[in-house]
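Residue strings, one per chain:
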Amino acid sequence: MQAEDMEVPIINNLIDNGDRQKPKGKDVFKDQQEKSESSMESPNLEFEYGDTDTLTAELSELYSYTEEPEFALNRDYFEEDFKSHARGRRWIELTVEEQRAYVMRLLDALEVTDRDKRLKVARAILYLAQGVFDECDTEVDVLHWSRHNVFLLYDMGIFTALLELLSMEIDNSQACSSAVRKPAISLADSTELRVLLSIMYLMVETIRVQTEDDRPEWRTAREAFKNELGSPLYNGEPFALLLFTMVTKFCSMNAPHFPMKKVLLLLWKTILFTLGGFEELQEMKVRGRERLNLPPLPEDSIKVVRAMRAASPPASAMELIEQQQQQKRGRRSRRPLVKQDSLDTYNERDPFKNDDARDEEEDPEDTDSGIEGEVDPLDRDVIIQPPPPPPPLRPPTERVNFPKGLPWAPKVREKDIEHFLETSRNKFIGFTLGNDIETLVGLPRPIHESVKTLKQHKYVSIAEVQIKREDELQQCPLTLGEEEVEETPAEMLYLGMLPNLSQYVIALLKLLLAAAPTSKAKTDSINILADVLPEEMPITVLQSMKLGIDVNRHKEIIVKAISALLLLLLKHFKLNHIYQFEIVSQHLVFANCIPLILKFFNQNIMSYISAKNSICVLDFPHCVVHEMPELTAESLEAGDSNQFCWRNLFSCINLLRILNKLTKWKHSRTMMLVVFKSAPILKRALKVKQAMMQLYVLKLLKIQTKYLGRQWRKSNMKTMSAIYQKVRHRLNDDWAYGNDIDARPWDFQAEECALRESIEKFNSRRYDRNRNGEFTPVDNCLQSVLGQRVDLPEDFHYSYEMWLEREVFSQPIQWEGLLQNP
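This structure is a prediction, so every number in the text was calculated from the model and none was measured.

### So, the pattern of salt bridges
Part 1: Enumeration according to the criterion identifies 41 salt bridges in this entry.
Part 2: When the shortest N-O distance is used, the salt bridge between Lys269 and Glu205 registers 3.3 Å. In this pair, Lys269 is assigned in helix 13 (residues 260-275) and Glu205 in helix 10 (residues 191-208), connecting sequence segments 64 residues apart. In terms of burial, Lys269 and Glu205 fall into one category: buried.
Part 3: Through salt bridges with shared partners, a single ionic network connects Glu58, Glu61, Glu205, Arg208, Lys269, Glu556, Lys560 and Arg647.

Okay, here's the thing in structure tokens:
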């Protein structure tokens, strides 16, 4: 699919919603600014980023609150069938062999032709997977029996049987056509699919999570299930491909009744299980570097980020006005006006600032006078004279809390060393030596020292090695021979996704756009609420409030699943092969993922992160164990006691990480951040006092700083100092001054085209066997060539003599010419 065609689906929505960075009305902007400023003094968020939330939270998010009556329905169908089998005994009283015998009976009953009977059996199986909650007294018991039953169901082959039923439901053209014709779709239209997907999700999520008291046979079953899901055992493709097909079918409006939230959650957990989470990725990266004989990683990025602490956001407009008024009154001591914990404390705490810096002409305190707005030059003169006294010493306890040194080891690319030497040779010698980074003849001693320091911090990534190897394979296809490609789960998934990759990416972004809180409801947009709306719409205010919370929660869960899924795909494909990552990235960029994520963040992000769209008493497994209290407006609004919503903060960090992956080292995409005016949007996101989120926001601000102009840098010194403190330093990177060669005019279209050409060559060489025909061996044996059967057209024997005369007899053959040397 061409880039132009791919842009259409997403960009139309963005344009319709007025998101081309049009200037908003003053009132709207002012209101948003006031809201964000009022929430500036947010507390530090005790949030630990991970692959997923707690198991209980992940299981509860599978069900909408409107599905609550179905818990009792599942129980009733199970007990109705179980009574005839168990004769008065309970499930938890049976021996394992008796339980296996009953599950085998359910498995046989799944194969009946009657659709209603099949659904009843599926509901009974779902009740088992949910932990036979009617026989349990506590939530812990429910989770214990759920785990026991899920491993039993897997061992009996239930997953394979469910997969066949799911394939039948996906191909059910009658259900699809009736759903397309319906004016309003509700929960009832997706009953069978929801039951099947719920059982499969419970199996994948429960088996995926390891616990200390797992039995040895459970550990064996986990590995077997992981290999099954990742291998092309289901219809010749991994299980994730079937779910991707459901997503594209739903987004093309051919199956509007598909329960998308459950499909996306199952897809995310399947990929997380088969490919591995963030800690597994780190281990794979370490092993990959060892295989390529590269030096070990300078640090464990997960540990570094977890050890970071949040910093206060830049000062609000009101604080700045007050600060400037104090300055105009001639007060010299401005330190109390700035928060002690603020991003601006680098003057005292910066570990790499020289002690003799105060001897310079400009007082370091003056650096702060330009924060978020300039002071009048005349006033500045008053402030400078006389020079302020040195800041008082801080108590030792406070100094101990501040980490010594930089959080990250600096890095240098080989390209940076080449560029540095090229500039130095031009300056001191007058000619260059190309890509030579060893020869230092004729260069002064300080340059020798600089090169030595640069080489100490030189970092070669796996991606650079892969690109170099790919170039060699392209240049010498015959001498290097066929490349041995390891059949990893990521490789098999990429191979399956490749033919329809652009469709999958566009479908996911369409769903992300529909679920974003900044999107407005439109008649032609995708209806993602099919599996949350009840058959009968609410009639009381209380029911409307409950449904409103449910709808918002539903959208948040979809955003969480898509953001985590896209990030996992990008990270695993990048580790597997850089060009696999690049093609997914390019599809995302062409489908306008960058403005879509910026659109997502162009809201009051503090209120999104602290949203309480959950009703604790209705969450599973709480709702099936405890007596349900009568719902009131107060109990609906109570929510949980946390100061933030885990899934929303998780989604925000994932989206920022995706944006970083798309724009890193890509000047054309960095310019998109500038064109879409992302700096003020990202700066507002710094108000969230969570170290990891702040780090990824600062990274995005750092790469575009040189394009934003001197005035922006001057008036955002707090943000600049935060970048120095928290983001990794690239030696020789002139990001803060804009003198870098990369800041000059750039042919951005050529950059993307060159990348696309490299990707196509890679895919053609590795996956398109037909195009490699020119390198296949030629059969030179006359006997075998003449012995090959050739299919001739039916009427050939009529014109055979004419063809023989024209092509053979009338053509003179110069036999002497064949004997002569060419």
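Still more to cover.
### Examining helix 34 (residues 667-675)
Part 1: Most of helix 34 sits out of view: seven of its nine residues are buried.
Part 2: Three or more residues of helix 34 are buried, namely His667, Ser668, Arg669, Thr670, Met672, Leu673 and Val674.
Part 3: In the stretch just after helix 34, Lys677 is the one whose phi turns positive, near 50°.

### Topic: a nonpolar patch on the surface
Part 1: Together, Phe428, Ile429, Phe431 and Leu433 make up an exposed nonpolar region whose accessible area comes to about 340 Å².
Part 2: Structurally, Leu433 is set in the loop between helix 21 (414-428) and helix 22 (445-456).

### What about the nonpolar core?
Part 1: Core analysis: the largest hydrophobic core is formed by 196 residues, its most contacted members being Trp91, Phe239, Ile271, Phe601 and Met693.
Part 2: Among the elements that make up this core, the one with the highest residue count is helix 27 (residues 541-576) (16 residues).
Part 3: In contact with Phe601, not counting residues within four places along its chain, are Cys652, Leu655, Leu656, Ile681 and Met693.
Part 4: Grouped together as the second largest cluster of nonpolar side chains are 10 residues, Ile417, Leu440, Leu443 and Leu454 included.

### Comments concerning the packing of aromatic side chains
Part 1: A complete count under the given rule lists 33 aromatic pairs for this structure.
Part 2: When the centroid spacing of 5.4 Å and the interplanar angle of 45° are considered together, the rings of Phe47 and Trp646 count as tilted. One end of the pair, Phe47, is in the loop between helix 2 (26-38) and helix 3 (55-60); the other, Trp646, is in helix 33 (residues 646-663), with 599 residues separating them in the sequence. Trp646 matches Phe47 in its accessibility class, with the two residues each being buried.
Part 3: Between Phe71 and Phe133, the ring centres sit 6.2 Å apart and the planes meet at 90°, which makes this aromatic pair edge-to-face. In this pair, Phe71 sits in helix 4 (residues 69-86) while Phe133 sits in the loop between helix 6 (115-129) and helix 7 (139-155), placing the two residues 62 residues apart along the sequence. Across the pair, Phe133 and Phe71 agree in class, each one buried.
Part 4: Linked through ring pairs, Tyr63, Phe71, Phe78, Phe82, Trp91, Tyr102, Tyr127, Phe133 and Phe620 together constitute an aromatic cluster.
Part 5: If you follow Lys269 out to its NZ or CZ, it ends over the ring of Trp268, 4.6 Å from the centre.
Part 6: Above the face of the Phe581 ring, Lys574 is positioned so that its terminal group lies 5.2 Å from the ring centre.

### Some details on the packing of helix 7 against helix 10
Part 1: The N-to-C vectors of helix 7 and helix 10 enclose an angle of 110°; their axes lie 10 Å apart at closest approach. With respect to their mutual orientation, helix 7 and helix 10 come out roughly perpendicular. Across the interface between the two elements, Ser146, Arg147, Val150, Phe151, Leu153 and Tyr154 from helix 7 touch Leu202, Met203, Thr206 and Ile207 from helix 10.
Part 2: Among the residues forming the contact of helix 7 with helix 10, the class breakdown is seven nonpolar, two polar and one charged.

### Brief notes about the environment of Cys616
Part 1: Relative to the elements of secondary structure, Cys616 occurs in the loop between helix 30 (605-609) and helix 31 (622-625).
Part 2: With relative accessibility at 34%, the residue Cys616 sits in the partly exposed group.
Part 3: Between the C-alpha atoms of Cys616 and Leu636, which are 20 residues apart in sequence, the distance is 8.5 Å.

### Some remarks on the confidence of the model for the protein chain
Part 1: Taken residue by residue, the protein chain gives an average pLDDT of 81. The fraction at 70 or more is 80%.
Part 2: Confidence drops under a pLDDT of 50 for residues 1-40, and excluding neighbours within four residues, the segment shows 62 contacts in the predicted structure.
Part 3: This stretch, residues 332-403, has a pLDDT under 50; its non-local contacts, to residues over four places away or in other chains, come to 101 contacts.

### A few points about unusual backbone geometry
Part 1: Residue Pro621 is bonded to the preceding Phe620 through a cis peptide linkage, with omega at 5°.
Part 2: As for its placement among the helices and strands, Pro621 is situated in the loop between helix 30 and helix 31.
Part 3: In this model, Asn592 sits at a positive phi of 65°, which is unusual for a non-glycine residue.
Part 4: Within the element layout of this structure, Asn592 appears in the loop between helix 28 (578-590) and helix 29 (593-601).
Part 5: The backbone of Trp665 sits at a positive phi, close to 65°, despite the residue not being glycine.

### Overview of the side chain of Arg756
Part 1: Among the structural elements, Arg756 can be located in helix 39 (residues 748-767).
Part 2: Apart from residues no more than four positions distant in its own chain, Arg756 is found in contact with Gln586, His587 and Phe590.

### As for helix 5 (residues 96-109)
Part 1: If you check helix 5, its first and last C-alpha atoms are 20 Å apart, about what 14 residues at 1.5 Å a residue would give, namely 20 Å.
Part 2: Listing the buried residues of helix 5 in full gives Gln99, Tyr102, Val103, Leu106 and Leu107. One face of helix 5 carries all of its buried residues, which in axial projection span an arc of 150°.
Part 3: Against helix 4, helix 6, helix 7 and helix 8 (158-170) lie the buried residues of helix 5.

Conventions used here
Residues numbered from 1 in each chain as written. Predicted model: local features only at pLDDT ≥ 70, side-chain atom pairs only at ≥ 80, totals over all residues. Heavy atoms only, no water. Salt bridge = Lys/Arg side-chain N within 4 Å of Asp/Glu carboxyl O. Helix = DSSP H or I, 4+ residues; strand = E, 2+ residues; numbered from the N terminus. Buried < 20%, exposed > 50% of the residue type's maximum accessible area, 1.4 Å probe, protein only. Patch = residues over 30% accessible without salt bridge, like charges linked within 9 Å, V, L, I, M, F, W, Y side chains within 5 Å. Areas by Shrake-Rupley, 256 points an atom, 1.4 Å probe, with all protein chains shown as cover. Core = buried A, V, L, I, M, F, W, Y, C linked by side-chain atoms within 4.5 Å. Contact = heavy atoms within 4.5 Å. Phe/Tyr/Trp six-rings, centres within 6.5 Å; stacked < 30°, edge-to-face > 60°. Lys NZ or Arg CZ within 6 Å of the ring centre and 35° of its normal. Axes fitted to C-alpha atoms, helices over the stretch in contact; angles between N-to-C directions. Parallel < 35°, antiparallel > 145°, perpendicular 65-115°, else oblique. Nonpolar A, V, L, I, M, F, W, Y, C, P; charged D, E, K, R; others polar. pLDDT = per-residue confidence, 0-100. Expected span 1.5 Å × (residues − 1). Arc of directions from axis to C-beta.

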